[in-house]
Amino acid sequence: MKTDEVEKDDDDEVKKRLSHTDSGGEDDRKASAGISSTAVKTVEKANGYATDGDQEKPEFIHDGCLLIPTMDCTNDSFFEYLPQIPVRDLLCWALRTENKIRLAKINRLAITDENENDYSYSRTLKSNCLIDIYPVDDDDKIGGLESDFTAMRHEEYKFARKSHPQLSFMDQMDEDFNGLTPIEIEKKKSSKKRQLSSSDTYGYGSGSDSDRGDDGDEVKVFAGRRVVPPTMLHFVIIIEAFMGYSLGAGAGTSCYNSPDASLPRSAVMGGAVVAALAAYQDKTVVEAFEKSNVFTQEGKLQGERIYWGAKIELIKELHSHFIYKKSHTWSRDSPCSLYAKGDVDIFLQSSPLTQSLLNVFWENGIDQQQIDTIGSYIGNSGLCETDLERYVTKVMGENGDGDGVIAAPDETQFAYAVSKTAVSFILGKEDMYDGGSFDKTVWPRSSQMIMLDGSRQADLVGGMLDFDMSVVACSYDGISVRVAPRAAISLMTSSNFVTPFCFEEHRNKKRVIKYARRGFKPFLIDPQDSRPRQNVACDAKIKRKQFLPKYVAWYNKSDRHNANAEIMRIQNERMQNAERMLCCHVFGPADRFSRKDDDYRPLSSDVRNLRGPRVTGMIYTMKMFETIPGDAISFFKERFGWSADDLAAVNEVDPYLRVACTKCKNEYNLIRVVMAKYPDLMKEYDLEDDNLRGDFAYMHTCGGGQNIRYSPSFYGGGVFNSTFVRNSARPTIQILSMLHSQSIFEVCAYVMKHGSPYEYKKRFVYGSDLMATLQKASRTPLQKAARSPIGLNPERIVDKCELCHCWLLGNRYGVKDCQRCMQWQ
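This section reports on the structure supplied with the text. Keep in mind the model is a prediction, meaning the values are calculated, not measured. (Residues numbered from 1 in each chain as written. Predicted model: local features only at pLDDT ≥ 70, side-chain atom pairs only at ≥ 80, totals over all residues. Heavy atoms only, no water.)

### Concerning helix 22 (residues 732–754)
Convention followed: Going along the chain from the N terminus, every DSSP run of H or I of four or more residues is numbered as a helix, and every run of E of two or more is numbered as a strand. Expected helix span is taken as 1.5 Å per residue step, with the number of steps being one fewer than the number of residues.
Taking 1.5 Å per residue, 23 residues should reach 33 Å; helix 22 reaches 33 Å between its end C-alpha atoms and fits that length. At the C-terminal side of helix 22, Gly-755 shows a positive phi close to 85°.

Written out as structure tokens, the structure reads:
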């Protein structure tokens, strides 16, 4: 099945499905969609139903202070209404259309009639509900990227595809887009004076992530910036420089839309695409293109003899800009990108062969639950198990050591983590001691390949719409660059629009901060709130405090809350006359804002590198985690080999004021609680008490930093730090040791939370041999994702009735009124 034979979405059929979630009458439509009474008329008008007789459908709906077009928000209608209605109205219109698309996909789970069998899911990103950043010219005669022309002809074709002419910066008439709620981010406290970058001062709309100014200076906007790169060729060069590798774009070699029907279709989504799209707001990137020999003085492509060498040099230059964070190369002559910390998310849609099998199941009356049961006998990814393996081996090579599309440079080696639906990789150095020189090496960025749910309606379009922040709803599939309408507005306004559902997960607040640092000012938006000034039932302030875990590990759970409250009460009283003191691997005051390195002295004789005496992150009162009073002191004395003077200094501290760092507290729980109660639990990890006295890397879980807690990868794989690159990269053996540590931390945390390891399943397996790691994953029961499959998460944008379980489409956030239930009552 060749790429050019892939069908485009039947837009008329899609609109029909969005309008009719059931074949019944008006009452059936209301019940099946779960629409509240406050929005029934609005939703039906928007879908073409006449609710007040057979009068002609108006062009707009006046919903409160909002002016919403009656048609759905598509690529064509978006640019038609862009100059006519305000930004807030555009956003609400776009989000309401997305809500209907999501719910239409979900509703198909329960639809088995003959008419619905004619509906095909989105096989590619060629959907009219998405904005095409680089539209194809109607007069195009080159043949496109799906043709079998030469590589140079493909380059000419990409250069001929210009960005949409209406994609330009929008003038913001007011600070809150006519009533939206700005998200306030508390400023970060710092005990050291230093020069600030645009990320520190939140230079929203600055257009450059490499400009720097003194403390308090305004970041200057340079004249040549653009919303997106001028042509698709510019975009492709930038994204390849960002990723550090190319997945190809030719008809026969592409890993995006391969002619092999057994390979899944793929697309890069999220932050990597945002970095490439926003790169022409970075002065360093623009100047690199201007100085490059890729183009002639007349603005045309160079001849083939000069072009390819110039392109490689340009990619290397941009790659060095994107790959480093500030601490590696900070200087005025060497600016660096705010996107250095990002990774690459590659989403995979089931292959044409797997989809054909799914269609056969549905045509014969086998529902999704039965399909999932069949898939559970195949592997962790169900029917898509072989799809994921085939794709990974094509990209990384069967040996996984650089013989695939993504190659490992000399003297380097990949480390892999395989979860239930994803494969992640990171590059490390082969030699533990001799780092070599990698100053000019193109370094593949850590990436994860995520398999979408193996259901008939899970597709790349649904996966992209599942992104909860507007700015990251972007994708590139080797053929086109598509973004959601809300993402296009984000790019044109340098803003990030977030629904209140996003804030229901604490980790998302960190993501909002991350994109605020990259120049996108955050706003809360409820698409159903039509009041003149939105009053979203959600806290719009992100405080610069530690995001605490939902529970505190405790061995004896009975009366835990009361015991902790009493300890904290006594501690607060005694802190009036004395301060808390760290009494673990170091000894010194616990106040992280006033302490200095000179205030500490190490109590440790351990060989681990604990980054000196300075401690950052959370601290824990010993009385709140030790199993019996005084046991923590006994453990740390033995663990770190305290001298008599050390022990005497610790004993002088009030027991209610003794605290320990996160690492030491976790180690205490592992040895004194988990391994004491389940001595055989850690044999699988080759871990015994004595191992902790050597080079064991358990406490280096998050790279040696003193993090509050371990935060697992969003898609289930291991946690990688993408900023350790080139000469600063970790040895692969150390990366594997850290993954080993993460696995131990997870089982330990599970036991501390649930009281036993019963029903515990690993979240991922790891290794440096790709095939061996994939085979190990196929034999290991892995955790199922806590949330719904990617691309099928309407709970991120709309509430569900607690009684009838219908989606409350049309309700404001926090309003639980359900018309269907009210009628029953």
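### Let's talk about the side chain of Asp-468
The test is simple: Here the term buried applies to any residue with accessible area under 20% of the maximum for its type, exposed to any over 50%, and partly exposed to those in between, with areas from a 1.4 Å probe on protein chains only. N or O atoms within 3.5 Å of each other form a polar contact, as long as, within protein, one can give a hydrogen and the other can take it, and as long as residues adjacent in sequence are counted only when both atoms are side-chain atoms.
Within the fold, Asp-468 resides in the loop between helix 15 (460–465) and strand 13 (474–476). On the basis of relative accessibility, which here comes to 6%, the residue Asp-468 falls in the buried class. Within the local environment of Asp-468, its side chain forms a polar contact with the side chain of Arg-511, the two groups lying 3.0 Å apart.

### With respect to the pairing of strand 1 (residues 60–63)
What counts is decided by this rule: At least two DSSP bridges between two strands are needed for those strands to be called paired.
Taken together, the four bridges between strand 1 and strand 2 (residues 66–69) define a ladder with antiparallel strand orientation. Across the sheet, the residue bridging to Ile-61 is Ile-68, located in strand 2. Hairpin geometry of strand 1 and strand 2 is characterised by an intervening segment of two residues between the two adjacent antiparallel strands and by a positive phi of about 65° at Gly-64.

### Focus on the sheet that holds strand 20 (residues 601–602)
How we decide: Contacts between residues were defined by any pair of non-hydrogen atoms, one from each residue, lying within 4.5 Å. In this analysis, axes come from line fits to C-alpha atoms, helices being fitted only over the stretch in contact, and the angle between any two N-to-C directions falls in the range 0 to 180 degrees.
In spatial order, the strands read 20-19-18-22-21; together these five strands make up an open sheet with mixed pairing. Single-partner strands in this sheet number two, and they are strand 20 and strand 21 (619–621). Where strand 18 (residues 581–583) lies against strand 19 (residues 586–589), three bridges are found, and the strand directions are antiparallel. Residue pairing for strand 19: Cys-583 is matched across the bridge by Phe-587. Of the strands in this sheet, strand 21 and strand 22 (658–661) touch helix 21 (residues 662–677), which is tilted by about 90° from strand 22.

### Remarks on the sheet that holds strand 4 (residues 181–182)
Sheet strands line up and pair through hydrogen bonds in the backbone, either parallel or antiparallel. With mixed pairing, the three strands of this open sheet are ordered in space as 4-16-15. At either margin of the open sheet sits one strand with a lone partner, and together these are strand 4 and strand 15 (495–498). Bridge count between strand 15 and strand 16 (residues 521–524): four bridges; the pairing is parallel. What sits directly across from Val-498, in strand 16, is Leu-524.

### Let's talk about the packing of helix 21 against helix 22
Angle between the axes and distance between the axes are the two parameters that describe a pair of packed helices. Inclusion rule: The sense of a crossing depends on the near helix, which, turned anticlockwise from the far helix by less than a right angle, makes the crossing left-handed and, turned clockwise, makes it right-handed. Under the convention adopted here, Pro, Cys and the residues Ala, Val, Leu, Ile, Met, Phe, Trp and Tyr are nonpolar, Asp, Glu, Lys and Arg are charged, and Gly plus all remaining residues are polar.
Contact pair helix 21 / helix 22: the axes reach a minimum separation of 10 Å and the direction vectors enclose 60°. The two elements helix 21 and helix 22 meet at a crossing, and its hand is left-handed. Judged by residue contacts, Asn-666, Asn-669, Leu-670, Val-673 and Val-674 of helix 21 engage Ile-744, Phe-745, Cys-748, Val-751 and Met-752 from helix 22. The residue inventory of the contact of helix 21 with helix 22, partitioned by class, reads eight nonpolar, two polar and no charged.

### Concerning the side chain of His-321
Among the structural elements, His-321 can be located in helix 10 (residues 304–323). Under the relative-accessibility criterion, His-321 is labelled buried at 5%. Separated by 2.8 Å, the side chains of His-321 and Asp-282 make a polar contact.

### Notes on the nonpolar core
In plain terms, the rule: Put simply, buried Ala, Val, Leu, Ile, Met, Phe, Trp, Tyr and Cys residues joined by side-chain atoms within 4.5 Å make one nonpolar core.
One finds Phe-78, Phe-235, Leu-247, Val-268, Leu-277, Leu-318 and Met-396 to be the most contacted residues of the largest nonpolar core, which totals 139 residues. Element by element, the count of residues in this core is highest for helix 7 (residues 232–243), at ten residues. In terms of nonpolar packing, the next biggest core, distinct from the first, is built from 43 residues, Met-618, Val-674, Met-682 and Met-752 among them.

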